[in-house]
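Close look at the chain arrangement
Each chain, letter by letter, is given below.
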Amino acid sequence: MTTRESLQREIEETRERFHRLLDSIPDSDFAKPSGNAAWNIGEVLYHMSIAPRFLIEDVKMIGGQRLVYRLIPILFPKRLFDWLNAKLTRFGARRLTRQFLADEYDRAHRRTLEALSQIPGEDLQKSLEYPDWDPLLSGTVTLERLFHYVKAHFDSHEEQIRSALEGT
């Protein structure tokens with residue numbers, strides 16, 4: 001199995017896990033605290049679609065738009081990044097329904113697979129130094145690691161949701 005095939009399988013499995021998680025949560029639990037101080041459970045479910053949604057921009061940066069990337073940590077320090085992340089997630093999740101969450105994740109999922117399909121296999125080892133905004137995605141980040149981030153990001157937030165639900 002090639003690296004691309006392995007990544008594709010992992011991304012597909014993560015999508016299936018998202019839908020199983022979504023199906024396991026009653027609508028009435030969407031407004032409950034999530035274990036993430038920034039968001040409730042519904043907002044975290046929406047936020048899970050953000051990593052794959054913005055992945056295309058990261059692919060562009062690693063693939064060659066390095067000048068733009070060098071400016072981002074200067075223009076957006078971690079404090080501003082965290083604030084924007086919290087606010088944009090809440091704003092994006094304002095029309096929260098089960099179907100909306102499923103559609104948003106599936107749309108992001110399709111974009112991720114499209115991006116993966118367009119990268120030559122040898123380019124999966126291209127890398128860029130990421131700031132320490134997210135402990136799951138900092139330091140030297142290859143395109144391969146970037147695509148693994150879809151699962152890592154999901155795993156992190158799934159744990160927050162499951163812990164919150166078990167604690168109630």
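The structure contained in this document is the topic of the report that follows. Keep in mind the model is a prediction, meaning the values are calculated, not measured. (Residues numbered from 1 in each chain as written. Predicted model: local features only at pLDDT ≥ 70, side-chain atom pairs only at ≥ 80, totals over all residues. Heavy atoms only, no water.)

1. So, the overall build of the chain
A tally of regular secondary structure across the chain gives seven helices and four strands. The helix and strand sequence of the chain, counted from the amino end, reads α-β-β-α-α-α-α-α-β-β-α. At 16 Å, the chain has a C-alpha radius of gyration in line with the 15 Å of a compact globule built from 168 residues. For the C-alpha atoms alone, the extent of the chain along its principal axes is close to 45 × 40 × 25 Å. The buried share of the chain, reckoned over its 168 residues, is 43%. Taking contacts inside the chain between residues at least 6 apart in sequence as the whole, the part at least 24 apart equals 73%. (Helix = DSSP H or I, 4+ residues; strand = E, 2+ residues; numbered from the N terminus. Rg over C-alpha atoms; globule rule 2.2 N^0.38 Å. Buried < 20%, exposed > 50% of the residue type's maximum accessible area, 1.4 Å probe, protein only. Contact = heavy atoms within 4.5 Å.)

2. Examining the packing of aromatic side chains
All chains considered together, the criterion is met by two aromatic pairs. Seen from their ring centres, Phe18 and Tyr105 are 4.2 Å apart, and the 10 degrees between their planes marks the pair as stacked. Note that Phe18 is positioned in helix α1 (residues 3-24) and Tyr105 in helix α6 (residues 98-117), a separation of 87 residues in sequence. Each member of the pair Phe18 and Tyr105 is classed as buried. The interplanar angle of 10 degrees and the centroid separation of 5.8 Å between the aromatic rings of Tyr46 and Phe100 together place this pair among those described as stacked. Of this pair, Tyr46 sits in helix α2 (residues 41-47) while Phe100 is found in helix α6, placing the two residues 54 residues apart along the sequence. The residues Tyr46 and Phe100 share a single accessibility class, namely buried. The positively charged end of Arg94 is found above the aromatic ring belonging to Phe91, 3.8 Å away from the centroid. (Phe/Tyr/Trp six-rings, centres within 6.5 Å; stacked < 30°, edge-to-face > 60°. Lys NZ or Arg CZ within 6 Å of the ring centre and 35° of its normal.)

3. As for the environment of Glu13
Inspection of the secondary structure puts Glu13 in helix α1. For Glu13, a relative accessible area of 41% gives the class partly exposed. Here the alpha-carbon distance between Glu13 and Lys151, two residues 138 residues apart in the chain, equals 8.6 Å.

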